[in-house]
Amino acid sequence: MEGLDHRDTVTDFGLPQGTFFDAAFVHVLTTATLDRLRALYPQGRFEVRRFRPNMVIAAANGGMDFVENAWIGRILAIGDAVRLSITGPCPRCVMTTLSQGDLPRDAGILRTAAEHNHANVGVYASVLQGGAIRRGDSVSLE
């Protein structure tokens, strides 16, 4: 893709054993990141389904920033039981630019993420303690 660093480089990384996950078991995304990307490229449709996260967390303050970046190395507590270790950024690829249903093909989606957040959209996490998660559960950093 024109304008992206390392576009002719083949990457190779390990997958979690016995899975077909990209690089982690959980992908967490916030509404703040989606809103920031929308502000940077308003003609693009930054919808959750383009990025396929396991969960989307509503930003408490209604902010528009890549807030997940500051979570790396921390523990995300969800509800009474669930604890996730935020292991790193979630780098995105050309798949996010492809048409999906009524979403048009749009190279600007990835280009915007690349120019403003190193092509990362959300963060990866591993499960420290599992449990049920319900809409509206409290979310905090430990």
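Residues numbered from 1 in each chain as written. Predicted model: local features only at pLDDT ≥ 70, side-chain atom pairs only at ≥ 80, totals over all residues. Heavy atoms only, no water.

Novice: Before we move on, could you go through helix H3 (residues 107-117) and cite the residues and values that matter?
Specialist: The set of residues buried in H3 consists of Gly108, Ile109, Leu110, Thr112, Ala113 and Asn117. Elements in contact with the buried residues of H3: helix H1 (31-40), helix H2 (48-51) and strand S5 (120-129). Where H3 begins, one side-chain oxygen reaches toward the backbone nitrogen of Gly108, 2.8 Å away; that side chain belongs to Asp106. Note on H3: the residue one or two positions beyond its end, His118, has a positive phi of about 55 degrees. (Buried < 20%, exposed > 50% of the residue type's maximum accessible area, 1.4 Å probe, protein only. Helix = DSSP H or I, 4+ residues; strand = E, 2+ residues; numbered from the N terminus. Contact = heavy atoms within 4.5 Å. Polar contact = N/O pair within 3.5 Å; in protein donor to acceptor, adjacent residues only side chain to side chain.)

Novice: I'd like a description of the sheet that holds strand S2 (residues 55-57), backed by residues and values.
Specialist: Each strand in a sheet pairs with another by means of backbone hydrogen bonds, the pair being arranged parallel or else antiparallel. With respect to topology, six strands assemble into an open sheet ordered S2-S1-S5-S4-S3-S6, the strand pairing being mixed. Of all the strands in the sheet, just S2 and strand S6 (139-141) have a single pairing partner and so form its edges. When strand polarity is set aside, the average angle formed by the axes of neighbouring strands in this sheet is 35 degrees. Lying over the sheet, H1 contacts strand S1 (26-30), S2 and S5, oriented at roughly 60 degrees with respect to S1. (Pairing = 2+ DSSP bridges. Axes fitted to C-alpha atoms, helices over the stretch in contact; angles between N-to-C directions.)

Novice: Explain H1 to me, using residue names and the numbers behind them.
Specialist: Think of an α-helix as turning once every 3.6 residues; residues three or four places apart then point the same way. For H1, the full list of buried residues reads Ala32, Thr33, Leu34 and Leu37. In the core, the buried residues of H1 are packed alongside S1, H2, H3 and S5.

Novice: Please set out the nonpolar core residue by residue, giving values where relevant.
Specialist: Inside soluble globular proteins, nonpolar side chains tend to come together where they are buried. By size, the foremost hydrophobic cluster in this structure holds twelve residues: Val26, Val28, Met55, Ile57, Trp71, Leu76, Ile78, Val82, Leu84, Ile86, Val123 and Ala125. Counting residues per element, the ones that place at least two in this core are S1, S2, strand S3 (75-78), strand S4 (82-91) and S5. When residues of this core are assigned to their parent elements, the largest contribution, three residues, is made by S4. Filtering out sequence-adjacent residues up to four positions away, Met55 remains in contact with Val26, His27, Val28, Leu29, Ile78, Leu84 and Ile133. Core analysis: the next-biggest nonpolar cluster, separate from the first, contains ten residues, Leu29, Ile109, Ala113 and Val121 among them. (Core = buried A, V, L, I, M, F, W, Y, C linked by side-chain atoms within 4.5 Å.)

Novice: Give a description of the pairing of S5 that names residues and reports values.
Specialist: For a regular strand, side chains alternate in direction, first toward one face of the sheet and then toward the other. Sheet topology places S1 next to S5; three bridges connect them, and they run antiparallel. Looking at the pairing, Val28 lines up with Val123 of S5.

Novice: For the pattern of salt bridges, give the residues involved together with the corresponding values.
Specialist: Using the criterion set out here, one finds six salt bridges in the structure. Between Asp102 and Arg45 there is a salt bridge, with the nearest N and O atoms lying 3.3 Å from each other. Placement of Asp102 in the loop between S4 and H3 and of Arg45 in the loop between H1 and H2 is noted, with a sequence separation of 57 residues between them. Across the pair Arg49 and Asp102 runs a salt bridge whose closest N-O atoms are separated by 2.5 Å. A residue pair is termed long-range when its members are at least 10 positions apart, and Arg49 in helix H2 and Asp102 in the loop between S4 and H3 qualify at 53 residues. (Salt bridge = Lys/Arg side-chain N within 4 Å of Asp/Glu carboxyl O.)

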